[in-house]
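# Observations on chain architecture
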There are 2 protein chains.
Amino acid sequence: MRETMSGHTGQMYIRPEEIEKRSMQIIENELRRVSSRSFDEHTAPVVKRVIHTTADFGYADTLTFSEGAVERGLEAIRSGASIVTDTMMAMAGINKRRLARYGGSVICHMQDEDVAADAKERGLTRACVSMEKTAQNGGDYIYAIGNAPTALFTLYDLVREGRISPRLIIGVPVGFVNVVEAKEKILELDVPWIVARGRRGGSNVAAAIVNALLYQL
Amino acid sequence: MRETMSGHTGQMYIRPEEIEKRSMQIIENELRRVSSRSFDEHTAPVVKRVIHTTADFGYADTLTFSEGAVERGLEAIRSGASIVTDTMMAMAGINKRRLARYGGSVICHMQDEDVAADAKERGLTRACVSMEKTAQNGGDYIYAIGNAPTALFTLYDLVREGRISPRLIIGVPVGFVNVVEAKEKILELDVPWIVARGRRGGSNVAAAIVNALLYQL
């Protein structure tokens, strides 16, 4: 097998680029068997990368895209849009070097002192206040939300009030309380969105979706 | 409902501590229905926190513990052990403030320049070389591996060669190529381990397991 090589004690390793290629082939083959949905050239790479990140083919059924959502996301990144997240984990997982090529960066206000103080005073979550903070600049960001349903509820309110104009909302929190409901609210919005319906999702899924966009450019 | 309060436009929010409590209740109830395995006071919080992080009850079947693994992990943290990860995402997800109370910190060599150079020269993965690097200090760390099967293969070799003495190996990479095999190798080792058998896992799962240990202290 030409693609293998010896590790330091004879353990056989496969080169990383070969692993990625084989993984994607396995995902494509299994995906055809387990899902009857068809994806286009823009949505397929997103679905495949989320499965690559989670080994969970259930996302083939739960990932939902507003009309042209991926294309709008690609346009946004190309024009230098930055990405707002609700966790440091999502921030860590996004390919920031690739994003910087187009002028964007990743923003997370969750650790900001003013956010913590404001949240405490008003009895709100930090996720909620950190989304409000983005409205100061018009909120024309890509929002990648993998954790907090309250972040999605707040984005919903801010969009309906005309205080932010998201280029794309990636709504993929994980959890058991308010998560399903928060994601369903986003489906009502007239802005581009990518949502993982149901309980599953996570910061890793949010980062994977952003990276799937970056790798299409 | 006393535990709810109004958000800025009347959206009802539940307090974060209440969400966590309710989520864990839901998980406990469903867990009894979907899994016939029983967990003890040490393993149950780990399984529940991983499900809390992923909404995936399959972990009740795949999470596997060597005898006393959680207790050994708790002792290690209490005595100031540091935690080695294979991704910045896992590092971001671990509660570093809580870990610091006991004297430990989180270490990730994946971005080190010497690791990148050495990996390139020898045709190995950075994950492999970054695990080797920990042997310089005897490797008496907790290893939390959520991404790279080659990290696990290397840990296996290093343990067998007597070059490292892990306090605990958390082996939970996700993926389709070499992942299942790498995790099965760890089960052969005579060091404490927590492994998610099968394809699933991830940096979020690795961080969740570390945090489940921290929250037991």
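Residues numbered from 1 in each chain as written. Chains lettered and ligands numbered in written order. Predicted model: local features only at pLDDT ≥ 70, side-chain atom pairs only at ≥ 80, totals over all residues. Heavy atoms only, no water.

## Topic: the side chain of Lys183 of chain B
All names here are of chain B. Short version of the rule: Strands are runs of DSSP state E lasting at least two residues, helices are runs of H or I lasting at least four, and both sets are numbered from the N terminus onward. N or O atoms within 3.5 Å of each other form a polar contact, as long as, within protein, one can give a hydrogen and the other can take it, and as long as residues adjacent in sequence are counted only when both atoms are side-chain atoms. Note on definitions: a residue-residue contact is assigned when non-hydrogen atoms from the two residues lie within 4.5 Å.
Tracing the chain through its elements places Lys183 in helix H10 (residues 179-186). A distance of 2.7 Å separates a polar atom in the side chain of Lys183 from the backbone oxygen of Gly198. Discounting residues that sit within four places of it in the chain, Lys183 has contacts with Leu152, Gly171, Val172, Pro173, Val195, Ala196, Arg197, Gly198, Arg199 and Arg200.

## Points about the confidence of the model for chain A
Residue and element names in this part refer to chain A. Rule in force here: Think of pLDDT as the predictor's per-residue confidence, scored from 0 to 100.
With 94% of its residues at a pLDDT of 70 or more, chain A shows a mean pLDDT of 93. Residue range residues 1-12 is modelled with pLDDT below 50. Its contacts to residues more than four positions away, or to other chains, number 32 contacts. Under the prediction, the complex receives an ipTM of 0.93, its pTM being 0.94.

## Description of the interface of chain B and chain A
To be explicit about the condition: Buried area: the sum, over both parts, of the accessible surface (1.4 Å probe) that disappears when the two are put together. Just to be clear on terms, a salt bridge is a Lys or Arg side-chain nitrogen sitting within 4 Å of an Asp or Glu carboxyl oxygen. Nonpolar residues are Ala, Val, Leu, Ile, Met, Phe, Trp, Tyr, Cys and Pro. Charged residues are Asp, Glu, Lys and Arg, and all others, Gly as well, are polar.
Listed by partner, the interface residues are 48 residues for chain B and 48 residues for chain A. Of the roughly 3900 Å² buried between chain B and chain A on both sides combined, carbon and sulfur atoms contribute 63%. Our count for the chain B to chain A interface comes out at 4 salt bridges. Joining chain B to chain A, the criterion identifies 6 residue pairs in polar contact (both at pLDDT 80 or more). If you list the elements that add at least two residues to the side of chain B that touches chain A, you get strand S1 (4-6), strand S2 (12-14), helix H1 (16-34), helix H2 (43-54), helix H5 (88-93), helix H8 (126-134), helix H9 (149-160) and helix H11 (203-214) of chain B. Broken down by element, the side of chain B that touches chain A gets its largest block of residues, 7 residues, from H1 of chain B. For the side of chain B that touches chain A, a count of residues per class yields 20 nonpolar, 18 polar and 10 charged.

## Let's talk about the packing of aromatic side chains
Note on aromatic pairs: each is described by the distance of the centres and the angle between the planes. The following threshold applies: Any pair of Phe, Tyr and Trp rings, taking the six-membered ring for Trp, is counted once the centres come within 6.5 Å. Such a pair is stacked with planes under 30 degrees apart, edge-to-face with planes over 60 apart, and tilted for the rest. When a residue's accessible area, from a 1.4 Å probe over protein chains only, is under 20% of the maximum for its type it is buried; when over 50% it is exposed; and in between it is partly exposed.
Counted according to the given criterion, the structure contains 4 aromatic pairs over all chains. An angle of 75° between the planes, with centres 6.0 Å apart, marks the rings of Phe176 of chain A and Phe57 of chain B as edge-to-face. Here Phe57 of chain B lies in the loop between H2 and helix H3 (59-62) and Phe176 of chain A lies in the loop between strand S7 (168-171) and helix H10 (179-186), a pairing that spans two chains. Of the two residues examined, Phe176 of chain A and Phe57 of chain B, each falls in the buried class. Ring geometry for Tyr141 of chain B against Tyr143 of chain B: centres 6.1 Å apart, planes inclined by 85°, an arrangement best described as edge-to-face. Taken as a pair, Tyr141 of chain B and Tyr143 of chain B share a single burial class, namely buried.

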